[in-house]
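Listed below, chain by chain, are the residues.
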Amino acid sequence: MAQLAIAAMAIGTVLQTLGQAQAARAAAASGRAEQQALELRAAAGRRQAEALEQEAGQERARSQRDAIDERRQGILVASRARALSAASGASLDPNILGDIDLEAEVRTFERLAEGEEAGRGLEYRGALARAGAAGDVYAGGVAKAMGRAAEQRGYLHAGGTLLSGASSIYDRYKETYPST
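Here's a quick rundown of the structure. On a predicted model such as this, the values are computed, not experimentally measured, just so you know.

## Quick notes on the overall build of the chain
Secondary structure summary: the chain contains two helices and zero strands in total. Over its C-alpha atoms the chain spans a radius of gyration of 39 Å, topping by over 25% the 16 Å that the globule rule assigns to 180 residues. For the chain, the C-alpha atoms occupy an extent of roughly 135 × 20 × 15 Å along the three principal directions. Considering only contacts within the chain whose residues lie at least 6 apart along the sequence, 88% involve residues at least 24 apart.

Structure representation (structure tokens):
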């Protein structure tokens, strides 16, 4: 009966040790999986940043086209005013032409400023996405390191359980068979 109890203690110690070793491996795998997930999220953040930067360039180009249209409209309005003035035989006040030109230039610069502002906003969002991606890469490295540390702790704990169990089995054996 005593041998059965000793064998049961040994089996229990071995199973407990194996369970702790498995938990250690699982902790390391969990750290690696978290790192991979964070690296995927970082890659998505970098792609988002690139898309935002491209969109910023497109926004600036759109505003430049709008500015060219505003300038063209100003030229057409001034030309129409000259043509109507010439057709009617009246003289055209130079201040009116100056006002038309000024209005066209103001609208032109407004379109350029709007595009620049939109572009900067998109670039800022892109910079935030890149910073988030860098943070995710760092957090992934930390998660992996934490998984490795948990794995090492688990193996040390399993080794301690094995030694403790062996000591208990030895003590039990010495109690059961004192003269041996």
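## Digging into the packing of aromatic side chains
For the structure on display, the rule yields one aromatic pair. Measuring from centroid to centroid gives 5.1 Å for Y173 and Y177, while their planes differ by 50°, and the two rings are tilted.

## Section: a nonpolar patch on the surface
Taken together, the side chains of I11, V14, L15, L18 and L162 make up a nonpolar region of the molecular surface, amounting to roughly 470 Å² of accessible area. Here the element with the most residues in the nonpolar patch is helix α1 (residues 2-88); it accounts for four residues. Within the element layout of this structure, I11 appears in helix α1.

## Overview of the pattern of salt bridges
Taken as a whole and judged by the stated rule, the model has twelve salt bridges. A salt bridge links E123 to R60; its shortest N-O distance comes to 2.9 Å. Separated by 63 residues along the polypeptide, E123 in helix α2 (residues 94-176) and R60 in helix α1 bring together distant segments of the chain. Put simply, R72 and D69 hold a salt bridge, and the shortest N to O gap is 2.8 Å. Separated by three residues within a single helix, R72 and D69 lie in helix α1, roughly one turn from each other. Since its relative accessible area comes to 36%, D69 is described here as partly exposed. Residues participating in the shared-partner salt-bridge network are R60, E116, R120 and E123.

## So, the side chain of E70
Along the chain, E70 turns up in helix α1. Those residues within four positions of E70 in sequence are excluded, and the remaining contacts are A104, R107, T108 and R111.

## Some thoughts on the environment of R65
Its place among the elements puts R65 in helix α1. Placed 47 residues apart in sequence, R65 and L112 show a C-alpha to C-alpha distance of 9.0 Å.

## Quick look at the side chain of E151
By the element assignment, E151 lies in helix α2. Despite its burial, E151 pairs with no opposite charge; the closest candidate is R32, at 5.3 Å N-O. With sequence-adjacent residues up to four places away left out, E151 is seen in contact with A24, R25, A27 and A28.

Procedures and definitions
- Residues numbered from 1 in each chain as written.
- Predicted model: local features only at pLDDT ≥ 70, side-chain atom pairs only at ≥ 80, totals over all residues.
- Heavy atoms only, no water.
- Helix = DSSP H or I, 4+ residues; strand = E, 2+ residues; numbered from the N terminus.
- Rg over C-alpha atoms; globule rule 2.2 N^0.38 Å.
- Contact = heavy atoms within 4.5 Å.
- Phe/Tyr/Trp six-rings, centres within 6.5 Å; stacked < 30°, edge-to-face > 60°.
- Patch = residues over 30% accessible without salt bridge, like charges linked within 9 Å, V, L, I, M, F, W, Y side chains within 5 Å.
- Areas by Shrake-Rupley, 256 points an atom, 1.4 Å probe, with all protein chains shown as cover.
- Salt bridge = Lys/Arg side-chain N within 4 Å of Asp/Glu carboxyl O.
- Buried < 20%, exposed > 50% of the residue type's maximum accessible area, 1.4 Å probe, protein only.
- Lys, Arg positive; Asp, Glu negative; His and termini not counted.

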